[in-house]
Amino acid sequence: MSQSVQIKNALISVYYKDGLAPLVQYLAQNGVTLFSTGGTEQFIRDLGLPVTAVEDLTGYPSILGGRVKTLHPKVFGGILNRRNLTEDKTQINEYEIPEIDLVIVDLYPFEETVKAGGSDEEIIEKIDIGGISLIRAAAKNFNDVVIIASKNDYGQLLSQLESQNGSTTLEQRKAYAKNAFHTSSHYDTAIFNYFNTDEPLSVFKQSLTQAQTLRYGENPHQQGTFYGNLDEMFSKLNGKELSYNNLVDVDAAVSLIDEFSEPTFAILKHTNACGVASRDNVLEAWKVALACDPVSAFGGVLITNVEIDLATATEINNLFFEVLIAPSYAPEAVELFKAKKNRVILQRNQVELPGKQFKTLLNGVIEQDKDLSLEGADQMTVVTERKPSEESIQDLIFANKIVKHTKSNTIVFVKDNVLLASGVGQTSRVDALKQAVIKAESFGFSLKDAVMASDAFFPFPDCVELAAEAGIIAVLQPGGSIKDQDSIDMANQKGISMVTTGVRHFKH
C-alpha cells in the first residue's frame, strides 16, 4: 500500500472556480501536467498556464451537448489503476494511459436550481454524471489518488503540498475521500428527494451538510449538535451561542407566533406558552402577555411578529430572559439589549420551513406532516342550544391557536385575545383543567365570560361542568368521543355554548 504520493498528473474540471487559481498555479509551477475540459480548461489557459484538453487525451470530443466529456477508459483508467499491481501497470502502459494522481472536480448546482424554481428540463440537466463518477472513482482509489470535491478544500491541499514537497500522505488522501463520499451521498439524496414526491417510496433519506456543536444536549452530561444553517434563519444581534434547550424552545416559539397576523407577543417556557396576547401595538401586547404569568416568564423565550421599538425594549429589559426573537428592531433597542452580553437577541429572516417533522424513536425514525391545520369560524359546528357570541368565537380561535402548540393533555383559557391560564402536559384532561383554574386564580384572573379550548375530546362531562362553574361561557373541542353527547348535555345544562371542529391537536 502506497503512503506518500507525488502528484504528477491532475484532472481539473469544476463548475465553481473561486479560489482555484493559486492551487492550479502551484501545480503548474511544480511540473504537474494538467488535464481539463470546457470552461475550466479556458480558465487555466487564461492564467497563462499549459493545459491538455481531455479530448486530446481520449481522442473523442465532448458530445451530446456536453453530457459526455470525461466518461472514457483513458480518464477512468488513469484514476482507478492500482499503482502496486503489475497487471494494472502493464495495461495502462499498453493503452498509453497517464496515471492521474489528483482529481479536482465539483458538481452541477442541482439543489440551487431546484431552490431557484428551475423548470424540470433545467433541473434534469443539472444532474451531474461525469463529475459524480470522477468523484467516486478517485475516492475509491484513495490509496493512490487525491480527490478534491469542494472548493473549501483548495486552501488546505495547497498548504499540504507546499509543506510536503508536492506530495500527500495516505491519511490525508483518506480524509479527502471521506469528504468526497459525503459530497456524492448528499448530492444523490437531493436528487432522490426531488424525484420521490409523486407516489413516494417508503424510505427515509435526509442529508444536512452544515452542523453546529452545542455546549451540551438537553442536560450537561449529553452531547448535542444542531444540523442546519441557523444563520439563514436568524441574524444574531447579541448574546451567547444557543443551547439545545434554547433551540427547542425557539422552534416552539416560531411555530406558535406564525399562527398570528395581528401584533402579538408570546412568552414560552419549556416549549409551552405562559403568556400570549394580541393588541394594536407591540408595547401593549408585551405588557399584557407578561401579566399572564410573570413568574414563569423569568428565563423564558420571547417572540413577537412585529418590530420592537425602544419603548417596548425598555419594558422587556426589566425581565431576565434567555432569547428574544423579532422580525426587526429599532437600532436604539438593540443597543439597549447589548448592555447584557449573554442575552440572545435574534432577528428572524424569511426562510421556507420544512413541512415534515421527524425524530429517532426506538430502533428507527418516525416522520409526520407538520400540524398546519388551523380551524376558524367556518370549521366550528355549534352543538349546543346556546350559540357563542362573536366575541367568544374570536377568543375560541385565539385559544385554539395556543392549544395546538401546547403539550397534551392541555386546556387553555382565553379572554379578549389574551391567554389567562393553561393546564399543560397532564395525564388526564380534568387534571389539566383543574391546573388551569388554579393558575388563573393564583394570578387574580376572573374566568367569568372567558372561553376554553381543549386539544382533544372530552371522554366525560366533568371538564365541561367544572369549566362552567369557574365562569367559562364557551368551549371548543374536536369532538369524536362516543360520549360526546354527555358533554353537550352538560353544556346545555349549565347554559354555555360548545363548538366542535373535528380536528384533534395532540402534541407530545
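Definitions and cut-offs
- Residues numbered from 1 in each chain as written.
- Predicted model: local features only at pLDDT ≥ 70, side-chain atom pairs only at ≥ 80, totals over all residues.
- Heavy atoms only, no water.
- Core = buried A, V, L, I, M, F, W, Y, C linked by side-chain atoms within 4.5 Å.
- Buried < 20%, exposed > 50% of the residue type's maximum accessible area, 1.4 Å probe, protein only.
- Helix = DSSP H or I, 4+ residues; strand = E, 2+ residues; numbered from the N terminus.
- Pairing = 2+ DSSP bridges.
- Phe/Tyr/Trp six-rings, centres within 6.5 Å; stacked < 30°, edge-to-face > 60°.
- Lys NZ or Arg CZ within 6 Å of the ring centre and 35° of its normal.
- Expected span 1.5 Å × (residues − 1).
- Salt bridge = Lys/Arg side-chain N within 4 Å of Asp/Glu carboxyl O.

Asker: Could you give an account of the nonpolar core, naming the residues involved and the relevant values?
Answerer: Among soluble globular proteins, nonpolar side chains are generally buried collectively. Formed by 64 residues in total, the largest nonpolar core has its most connected members in Phe265 and Leu324. With 51 residues, the next largest nonpolar core counts Ile12, Ile79, Leu107 and Tyr154 among its residues.

Asker: Break down the pairing of strand β12 (residues 272–278) for me, citing the residues and quoting the values.
Answerer: Counting buried residues along β12, seven of its seven residues qualify, which places the element largely inside the surrounding structure. Here strand β11 (residues 264–269) pairs with β12 via six bridges, running antiparallel. Counterpart to Ala266 in the pairing with β12 is Val276. Hairpin connection between β11 and β12: a loop of two residues separates the two successive antiparallel strands, and His270 in this loop has a positive phi of roughly 50°.

Asker: Explain the packing of aromatic side chains residue by residue, including any values.
Answerer: What the rule picks out here adds up to eleven aromatic pairs. Ring geometry for Phe321 versus Phe337: centroids 6.1 Å apart, planes at 90°, classification edge-to-face. Note that Phe321 is positioned in strand β14 (residues 321–326) and Phe337 in helix α16 (residues 331–337), a separation of 16 residues in sequence. Here Phe321 matches Phe337 in class, with each residue buried. An aromatic cluster is present here, built from Phe110, Tyr187, Tyr194 and Phe195 joined pairwise through their rings. The ring of Tyr16 has Lys151 lying over it, and the distance from NZ or CZ to the ring centre is 5.1 Å. Sitting over the face of the ring of Phe192, Lys205 holds its NZ or CZ atom 5.5 Å from the ring centroid.

Asker: Explain helix α12 (residues 244–257) residue by residue, including any values.
Answerer: In this model α12 runs 20 Å from its N-terminal to its C-terminal C-alpha over 14 residues, within 8% of the 20 Å that 1.5 Å per residue would give. Listed in full, the buried residues belonging to α12 are Asn246, Leu247, Asp249, Val250, Ala252, Ala253, Val254, Leu256 and Ile257.

Asker: Outline the pattern of salt bridges, supporting the account with residue identities and numerical values.
Answerer: Oppositely charged side chains can form a pair if their charged atoms are brought close together. Here the structure, examined in full by the defined rule, presents 18 salt bridges. Residue Glu99 is joined to Arg83 by a salt bridge in which the shortest nitrogen-to-oxygen separation is 3.8 Å. Remark: Arg83 occurs in the loop between α4 (73–80) and α5 (86–94) and Glu99 occurs in the loop between α5 and β5 (102–105); sequence separation between them is 16 residues. Linking Glu335 and Lys338 is a salt bridge whose minimum nitrogen-to-oxygen distance equals 4.0 Å. Looking at Glu335, the relative accessible area reads 52%, which means it is exposed. Salt bridges linked by common partners bring Lys8, Arg83, Lys89, Glu99 and Asp101 together as one network.

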